[in-house]
Amino acid sequence: MSDAGAACAREGDDRMSMEQGWSALNSGDATRAAQIFEQIATTQGGIGAYTGLVRATIAMGNHDQAQGWAQHAASELGGSDGALLMAQVFSERGKRAEAARILQSVLSVSYTH
């Protein structure tokens, strides 16, 4: 298989894994979803994998771990994506004021660019 063919095959595998992660999460298997998303996040990164991982760990009740993953995503990805994950974690923890502060910050940056 050519390098391009191998890359396309890997991309297909990644999409399948993401689909499997969302399917597991939607069916209530947050532990399995977290395992899938963590593997993708730690090997390839990407906001989709971190979003799934944060949502799965929240569903498992592991808010501290979810916050850690959101912080990791924010430092790795930069921009507003990681910040929005942090806002989601704070909102789930009942820290609405902190979530609102982050959202206001993201929106003010978005409107100035």
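Residues numbered from 1 in each chain as written. Predicted model: local features only at pLDDT ≥ 70, side-chain atom pairs only at ≥ 80, totals over all residues. Heavy atoms only, no water.

Caption draft 1: Local environment of the overall build of the chain. Each helix and strand in the chain was counted, giving 6 helices and 0 strands. Ordering the α and β elements of the chain from the N terminus gives α-α-α-α-α-α. Looking at the 113 residues of the chain, the share that counts as buried comes to 31%. A separation of at least 24 residues holds for 39% of the contacts in the chain among residues at least 6 apart in sequence. With the model as given, the accessible surface of the chain reaches about 6,600 Å², and the carbon-plus-sulfur share is 50%. (Helix = DSSP H or I, 4+ residues; strand = E, 2+ residues; numbered from the N terminus. Buried < 20%, exposed > 50% of the residue type's maximum accessible area, 1.4 Å probe, protein only. Contact = heavy atoms within 4.5 Å. Areas by Shrake-Rupley, 256 points an atom, 1.4 Å probe, with all protein chains shown as cover.)

Caption draft 2: Expanded view of the packing of helix 2 (residues 30-43) against helix 3 (residues 47-59). Orientation of helix 2 relative to helix 3, taken along the N-to-C sense of each, is 150°, at an axis distance of 8 Å. Comparing their axes, helix 3 and helix 2 come out roughly antiparallel. Between helix 2 and helix 3 lies a crossing whose hand is left-handed. Mapping the contact onto sequence places Ala30, Ala33, Ala34, Phe37, Glu38, Ile40 and Ala41 in helix 2 and Ala49, Tyr50, Gly52, Leu53, Ala56, Thr57 and Ala59 in helix 3. Considered class by class, the residues forming the contact of helix 2 with helix 3 number 11 nonpolar, 2 polar and 1 charged. (Axes fitted to C-alpha atoms, helices over the stretch in contact; angles between N-to-C directions. Parallel < 35°, antiparallel > 145°, perpendicular 65-115°, else oblique. Left-handed = near helix turned anticlockwise from the far one by under 90°. Nonpolar A, V, L, I, M, F, W, Y, C, P; charged D, E, K, R; others polar.)

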